[in-house]
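The residues making up each chain are set out below.
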Amino acid sequence: MIKHIVCFKLKDNSEEQKQEAKKVLLSMDGKVNLIKDIEVGTDFLSSPRSYDIILQVTLENKEALDLYQNDEYHCGEVKPYMHSVMESSVAVDYEL
């Protein structure tokens, strides 16, 4: 199993924007069949070092991660939206 984690810092980190981005990320559930589990959380501290949103996706293996990275819904809907609202992001991928 693979855990794919992405933390996003938003241009506008208002609660409304965080909730909208969370909704978009969670929209992959049921639309991207490679995802075994998905979790999205929003930061409540808003400290200078905080990121605003975390996406955690569990996938079967490295091949599934590669397919996920090129999935039509992920690339056509979710990525363009997140790129339009984010200031920066960091990611970690590891085997469970």
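Residues numbered from 1 in each chain as written. Predicted model: local features only at pLDDT ≥ 70, side-chain atom pairs only at ≥ 80, totals over all residues. Heavy atoms only, no water.

Got a minute to help me understand the overall build of the chain in this structure?
Helix and strand counts for the chain come out as 3 helices and 4 strands. Starting at the N terminus and walking to the C terminus, you meet the elements of the chain as β-α-β-β-α-α-β. Relative to the globule expectation of 12 Å for 96 residues, the C-alpha radius of gyration of the chain, 13 Å, shows essentially globular dimensions. Along the first, second and third principal axes, the C-alpha set of the chain runs to 35 × 25 × 20 Å. Relative to its 96 residues, the chain shows a buried fraction of 39%. For the chain, long-range pairs separated by at least 24 residues make up 74% of all intrachain contacts whose partners lie at least 6 apart in sequence. Carbon and sulfur atoms form 50% of the exposed surface of the chain, whose accessible area is close to 5,800 Å². The average position of the 11 basic charges and that of the 18 acidic charges among the side chains of the chain differ by 3 Å. (Helix = DSSP H or I, 4+ residues; strand = E, 2+ residues; numbered from the N terminus. Rg over C-alpha atoms; globule rule 2.2 N^0.38 Å. Buried < 20%, exposed > 50% of the residue type's maximum accessible area, 1.4 Å probe, protein only. Contact = heavy atoms within 4.5 Å. Areas by Shrake-Rupley, 256 points an atom, 1.4 Å probe, with all protein chains shown as cover. Lys, Arg positive; Asp, Glu negative; His and termini not counted. Charge placed at Lys NZ, Arg CZ, Asp CG, Glu CD.)

So what exactly am I meant to see when it comes to the side chain of D71 here?
Along the chain, the position of D71 falls in the loop between α2 (62-69) and α3 (72-85). Buried charge without a salt bridge: D71, with K79 as the nearest opposite-charge side chain at an N-O distance of 9.8 Å. Look past the residues within four positions of D71 in its chain and what remains in contact with it is V32 and G76. (Salt bridge = Lys/Arg side-chain N within 4 Å of Asp/Glu carboxyl O.)

Got a minute to help me understand the environment of H4 in this structure?
Here H4 is to be found in strand β1 (residues 2-10). When the C-alpha positions of H4 and I54 are compared, they lie 10 Å apart, and in sequence the two are 50 residues distant. Residues contacting H4, with those up to four places away along its chain left out, are L55, Q56, V57, L59, L65, Y68, Q69, V92 and D93. In this structure the side chain of H4 is engaged in a polar contact, spanning 2.4 Å, whose partner is the side chain of D93. (Polar contact = N/O pair within 3.5 Å; in protein donor to acceptor, adjacent residues only side chain to side chain.)

I keep staring at the packing of aromatic side chains and nothing clicks. Help me out?
Remark: the centre distance and the inter-plane angle together describe each pair of aromatic rings, the angle taken between the planes. According to the stated counting rule, one finds 0 aromatic pairs in the structure shown. Here K9 stacks its cationic end above the ring of Y51, 4.9 Å away from the centre of that ring. (Phe/Tyr/Trp six-rings, centres within 6.5 Å; stacked < 30°, edge-to-face > 60°. Lys NZ or Arg CZ within 6 Å of the ring centre and 35° of its normal.)

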